[in-house]
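Each chain, written out:
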Amino acid sequence: MTERKSARQPIADQMYGVLLHQFMSGERGAGESLNIGALSRELDVSQTPLREALARLEYTGLVQREALRGYRVAPVMTRAEVEQLKEARLVLEPRLARDAALRVTPGFLSALRESMTEFERSADAADMETEGFDMYWRSDNTFHTLIAEQSGNQFLALAYAALSGQIQRFRLFSKFGRTGARHAAPEHRRIFDAIEAGDADAAAEAMRLHVLGATGRLLGN
């Protein structure tokens, strides 16, 4: 089968992005089977890059593999899993925000401001249309990842990267009507303002409240 995708990006990377978009947009639902042969025909690529992409997605937690049954989209998070994810994020993300506030650079602030602005633009549409939801989760992911990478601690950043797949799963199951983007947007703004001011304590507290707020909105607390 001919690989017709752009040569500028490895096919497996492209397939990772395509599948991730399908999961986040709701095109493929929680628990849905992912047959490699069918995906190969649908996406017009060979099975090898699809296997690589699915293996990477399995590592994030968005995809699960079962013996003799193959891959499937991860099931909806249980309430206990959501609470456990909250606890893990509370250990990690306020510390990352604190450290990032102490290492501010113009380039970092510019990128963080851009992701925050994009998130704010998505707030009204995130619960009503696919494109709005797509912008919501991508800009949210970028905002938190930038902060993790700016912390200056490669091991904490790696810990966040390992956790980020489960955070994507958390976003995945927010879905339309439940993203809470209108509430999260001002929370992002408060985190940004504290980081921009170099106020490490305020940045950590703003991040703590944001994680608590996101979890509460998903659980309906």
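See the structure above.
The structure displayed is predicted, hence computed values, not measured ones. (Residues numbered from 1 in each chain as written. Predicted model: local features only at pLDDT ≥ 70, side-chain atom pairs only at ≥ 80, totals over all residues. Heavy atoms only, no water.)

Attention now moves to the overall build of the chain. Counting secondary structure elements, the chain contains nine helices and three strands. Going from the N terminus to the C terminus, the chain shows its helices and strands as α-β-α-α-β-β-α-α-α-α-α-α. For the chain, buried positions account for 48% of its 221 residues. By element, 50% of the accessible surface of the chain is carried by carbon and sulfur atoms, the whole surface being about 10,800 Å². (Helix = DSSP H or I, 4+ residues; strand = E, 2+ residues; numbered from the N terminus. Buried < 20%, exposed > 50% of the residue type's maximum accessible area, 1.4 Å probe, protein only. Areas by Shrake-Rupley, 256 points an atom, 1.4 Å probe, with all protein chains shown as cover.)

For the pair helix α2 (residues 36-43) and helix α3 (residues 47-60), interaxial distance at closest approach is 9 Å and the crossing angle is 115°. As for how α2 packs across α3, the hand of that crossing is right-handed. Contact residues: Ile36, Gly37, Leu39, Ser40 and Leu43 in α2; Gln47, Leu50, Arg51 and Leu54 in α3. (Axes fitted to C-alpha atoms, helices over the stretch in contact; angles between N-to-C directions. Left-handed = near helix turned anticlockwise from the far one by under 90°. Contact = heavy atoms within 4.5 Å.)

Let us now look at the pattern of salt bridges. Going through the model one piece at a time under the given rule, you end up with 14 salt bridges. Residues Glu93 and Arg89 are paired through a salt bridge, measuring 2.5 Å at the closest nitrogen-oxygen approach. Taken together, the positions of Glu93 and Arg89, both in helix α4 (residues 79-101) and four residues apart, correspond to about one turn of that helix. Across the pair, exposure class does not vary: Glu93 and Arg89 are buried alike. Several salt bridges converge on common partners, so that one network encompasses Arg28, Glu32 and Glu42. (Salt bridge = Lys/Arg side-chain N within 4 Å of Asp/Glu carboxyl O.)

Now for the sheet that holds strand β2 (residues 63-66). The strand order across the open sheet formed by three strands is β1-β3-β2, and the pairing between neighbours is antiparallel. Strand pairing shows two members of the sheet lacking a second neighbour, β1 (33-34) and β2, which therefore form its edges. Of the strand pairs in this sheet, β2 and strand β3 (residues 70-73) are connected by four bridges, and their pairing is antiparallel. Bridging from a neighbouring strand, Arg65 pairs with Tyr71 of β3. (Pairing = 2+ DSSP bridges.)

Let's shift gears to α4. The terminal C-alpha atoms of α4 lie 32 Å apart, and with 23 residues this matches the ideal 33 Å at 1.5 Å per residue to within 8%. Its maximal kink placed at Arg89, α4 deviates by approximately 35°. Of all the residues in α4, the buried ones are Val82, Leu85, Lys86, Arg89, Leu92, Glu93, Pro94, Leu96, Ala97, Asp99, Ala100 and Ala101. (Expected span 1.5 Å × (residues − 1). Bend = angle between axes of the 7 residues up to and from the residue.)

A separate point is the packing of aromatic side chains. One pass over the structure, following the stated rule, counts one aromatic pair. Ring centres of Phe119 and Tyr136 lie 5.6 Å apart, and the angle between their planes is 45°; this geometry places the pair in the tilted category. Linking Phe119 in helix α5 (residues 106-122) with Tyr136 in helix α6 (residues 130-150), this pair joins segments that are 17 residues apart in sequence. A relative accessible area of 0% means that Phe119 is categorised as buried. Accessibility expressed as a relative area gives 4% for Tyr136, which makes it buried. Note that Arg56 overlies the ring of Tyr16, its terminal NZ or CZ placed 4.3 Å from the centroid. (Phe/Tyr/Trp six-rings, centres within 6.5 Å; stacked < 30°, edge-to-face > 60°. Lys NZ or Arg CZ within 6 Å of the ring centre and 35° of its normal.)

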